[in-house]
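Residues per chain are reported as follows:
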Amino acid sequence: MTANRDSGPLLSVEGVSKTYRSGRRLADRLTGRPETFVQAVNNVSFGIERGEIMGLIGESGCGKSTLGRTILRLHEPTAGRVTFDGTDLGALPDAEMKAMRRRMQIIFQDPYASLNPRRTVAEIVGLPLQLHGLATGRGALREKTAEILEKVGLKSMHLDRYPHQFSGGQRQRIGIARALVSHPEFIVCDEPVSALDVSIQAQIIQLLTDLKQEMGLTYLFISHDISVIGYLSDRVAVMYLGEIVELGSVETVLANPRHPYTQSLMSAVPEVDRPGHRSRVRLTGDLPSPLAPPPGCKFHTRCPLAIDICRQKAPVAESVGPGHTAACHRLHENLSLLEQEAS
Amino acid sequence: MSAPTDKTLLQVEGLRTVFETRDGTVCAVDGVDVIVERGECLGVVGESGSGKSVTFNSVMGLVRSPGRIEAGRIMFEGRDLRALNQTEMRAVRGRDIAMTMQDAMTALNPALTVGEQIAEMLEAHDKGLPSGRNARRRAIRAHSVKMLGLVGIASPETRLGQYPHEFSGGMRQRIMIAIALASMPKLLIADEPTTALDVTIQAQVLELITDTRAKLGMSVVLITHDLGVVAEHCDRVMVMYAGQVVEQGRTADVIMRPKHPYTKGLLGSLPRLSLRGQRIEPIEGQVPELIDLPAQCRFYSRCRERGPECLKNIEMRDAGNGQTARCVRVQKELAT
Amino acid sequence: MPDTDTKASTGPVQETIFRRNMRNFVGNRLAFGSALVVLIFIFLAIFAPLVAPHDPAETDLFRRLQPPAWMPGGEWSYLLGCDALGRDILTRIIYGARISIFIGAAVVLVATTIGIIAGLAAGYLRGWVDMVISRVVDILLGFPYLIFAIGLMAMMGPGLINIIIALVYKEWVIPCRVVRGETLVTRELEYVEAARALGASGRHIMLREILPNILSPVIVVSTIRMAHVIILEASLSFLGLGVQPPTASWGAMVSDGRAFILQAWWVSTFPGIAILLLVLAINVASQGLRDAFDPRFHE
């Protein structure tokens, strides 16, 4: 099972899809209304190297959180395969999957909802140690818990407090401590800073990058914020309506975005570095409903470059440079929506 | 802050708003001065608990028990809004000053169609509507269609008959702006209009606000936590921290040459592509509790430049070029 | 970002949720007073042999239908008068409290335990487990409670254990529905997902993560239901399907007095008042509990 250890990516995702069936009520069945499906994630493939930060960016409802949870098998994938350190997670029996969870963890977005209000910090953070038998006896448990709290910038005097006694930033630190206490190798960071204030956000980003160095972690960092992804990731995958439309190293993707969606995302981000109005890619309309995704290229309803073929045929990802892929019919025409870079 | 001129639309002086809680009196806004000129866009930046929303809820007369305005003058076109009675204030709200809320879903009435909500606004703030019943209804409808078109909603005639839940988040935010703009206010206060929205939608909504400002010649107060938004859309900016204004000035000046350590810290802690590989320097610690604050600089505990001279109440100091900051280190620079 | 994050850890919020809730409850005078009434009933029930003036089974035909003490022919040592067999009514009310409270508490305890297990399983596991449990719940809810219990008693025959079984048979449905609904909401919260991500078992998640968070509404509902169960027990005893004589039971006492209601109203009235008082006190106290403990009623 550990044949591929230390060779190949730590995590590889191959053709993963996740489809939800919307519940059909009795009335729907009687009236013969067909079952509707929501394709949250559609045929996604990528790998993450050991020690890498992979950024996953997209707008709300694009399926990025579902993908993160499907990778951890918190949701079962409808199709495709997730391999972690040479082990096919889908083939693992429940008991072994539970043991595997020590090595792969998740940090949540909402520092309020992700901590059980009725349990103390010691119980919350110590839980993984108990579940995986990593500490025996109350003393050792508390000691190890206190140790990890120190590491995330809290104190051992916080052990017996309840979540409601902490601020949002401190709660997020508790969530990070819980994810790290079992010394995992891989962490899914699901928008860990987007519910926080700017100054607290910076503290948590710094903490996550420091901890990564110190503990040799690998991150899948999910965010809607291109500045955050651009600052800390090594590679980035851009997601739109359940599909990855562009993938590559942060330097190449953000300096030379090839997919029109990536280009419009980048032009939409207001930045302090470039004050004053600049010409924008104006995307019209909203994200289409995932219940009825458009045919062909899913971006064509909002794409300023859409032509006939985009409405009929879904593009496939092709290589546009070393380790850089994008899925668009008009890649070879070298069109850019970003005027300032065109000159 | 400069003296009011006839260009001044709104002037707030020494505003103090407090909330009574079981743990004591929370001073959410403490001695805040604001000036909004006609036609300009003022950005108000601050983190949770900085008092930015409470300041403008106070202006709108929307502070309710256990909160109350303890001191200060709120002058709008030469009238003191605090001296107005309920009825007079209601007339000002909506007609002269309109406000949009962060959460468009809860701010819109789910039981009324969008058209009914715009019509309600127009009925309440009658601006030369014809008196005949049918003519009146037609005028309202025509105006509503125009407003929805203005905020970029396609086929407004059919959309008027729909309920808020039939619209997406970005659309609802735009509808709220349409309702706010329906009576052509002189001042639009937009409280975090884009925080709940995706970046591509956020860009659309902000451009809408900026465009309509130019078209209608109104003033805008843009409350946000996003310095990027301020940099792109505001003429002047006011930075708030722990219930006080700590820095204000022209946007370009404040962002390129911040004077207050908090503004510097905020700008320094923004993650940016250009900072890859470098450490960002977050502001350590957190916002103090707004109960029984000692007479010292409120940023003292988190400040990198603190010294013994900071342990007293600090006044706003002039840094030249109309830029002021609440820090003892600030000195006036000669305009260059 | 919502302006809610003004609370730092140093703030004076060290009070636990439970203590704050208790303070709210004690501050509600009517509810607190009602709770005291309930406690007095419980005290009387437990120490019945010590506090009751007479023996509940001691008959004295000379005192047949003796009126209460303040009426002509009454005696202060038989405060509330005597029944048709000359037994002291006050004594029998005190002993009757034992039966009512014991059955009420036992039924609610057993029913709540079953309801919690079934509700957690249905709400957390979903799928066919939920289907089966929810159908059973629906079917049981379709029967009128009292008629259902009467049918069961007729089949099983009277007796203390049989009453408890007959009432539990349907009573568990109520806490089950509450628990299922709360579980459905709670299981979607991120801290439950976090526990799953950490490798926690279903049992751990149901008992340690979900249950503590949904217990308050369940306890509140159960206390309210206890009043209902007491009435049902009294009804069964009234119909002669309850605890068998000579054991004192409020329902049976009301029933016994029916024949003499015109010449000796006290025989039926005082046990009736006892039922009313206890049921009312439980209801008011549990409403107060709900107001204090259920966060949805805050603000």
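An unreviewed UniProt entry annotates chain C as ABC transporter permease originating from Maritimibacter fusiformis. You can read under Sequence similarities (unreviewed entry) in the UniProt record for chain C the words "Belongs to the binding-protein-dependent transport system permease family."

As named in an unreviewed UniProt entry, chain B is Nickel import system ATP-binding protein NikD, taken from Maritimibacter fusiformis. Recorded in UniProt under Catalytic activity (unreviewed entry), the annotation for chain B is "Ni(2+)(out) + ATP + H2O = Ni(2+)(in) + ADP + phosphate + H(+)". Under the Sequence similarities (unreviewed entry) heading, UniProt states for chain B: "Belongs to the ABC transporter superfamily."

**A look at the UniProt feature "transmembrane region" (unreviewed entry) in chain C**
Residue and element names in this part refer to chain C. This chain's UniProt record puts "transmembrane region" (unreviewed entry) on residues 30-52, 102-125, 145-169, 214-240 and 260-282. Structurally, residues 30-52 comprises 91% helix and 0% strand, and the distance from its first C-alpha atom to its last is 28 Å. For residues 145-169, the helix share is 88%, the strand share is 0%, and the end-to-end C-alpha distance is 10 Å.

**Description of unusual backbone geometry**
Here the phi dihedral of Arg73(A) falls at roughly 60 degrees; this positive angle occurs in a residue that is not glycine. Tracing the backbone shows Arg73(A) in the loop between helix H2 (64-71) and strand S4 (79-84). You will see that Ala242(B), though not glycine, has its phi angle at about 50 degrees, which is positive. Looking at where Ala242(B) falls in the secondary structure, it is placed in the loop between strand S9 (236-241) and strand S10 (244-250). Looking at Ala242(B), the number of C-beta atoms within 10 Å reads 23, which means it is buried.

**Digging into the interface of chain B and chain A**
Opposite the 37 residues of chain B that make contact, chain A presents 32 residues. A breakdown of the residues in the side of chain B that touches chain A according to their chemical character gives 18 nonpolar, 12 polar and 7 charged.

**Concerning the environment of Asp85(A)**
Residue and element names in this part refer to chain A. Its place among the elements puts Asp85 in the loop between S4 and strand S5 (87-88). The exposure class assigned to Asp85 is buried, which follows from the 21 C-beta atoms found within 10 Å. Sequence spacing of Asp85 and Pro260 is 175 residues, and the spatial spacing of their C-alpha atoms is 34 Å.

**Observations concerning H2(A)**
All names here are of chain A. Counting buried residues in H2 gives 7 out of 8 residues, a clear majority hidden from the surface. Where H2 is concerned, the buried positions are Lys64, Ser65, Leu67, Gly68, Arg69, Thr70 and Ile71. Phi turns positive, to about 60 degrees, at Arg73, one or two residues after H2.

So, how was this worked out
- Residues numbered from 1 in each chain as written.
- Chains lettered and ligands numbered in written order.
- Predicted model: local features only at pLDDT ≥ 70, side-chain atom pairs only at ≥ 80, totals over all residues.
- UniProt positions renumbered as here; feature names shortened; annotations may be inferred.
- Helix = DSSP H or I, 4+ residues; strand = E, 2+ residues; numbered from the N terminus.
- Buried ≥ 20, exposed ≤ 12 C-beta atoms within 10 Å, placed from the backbone.
- Contact = placed C-beta atoms within 7 Å.
- Nonpolar A, V, L, I, M, F, W, Y, C, P; charged D, E, K, R; others polar.

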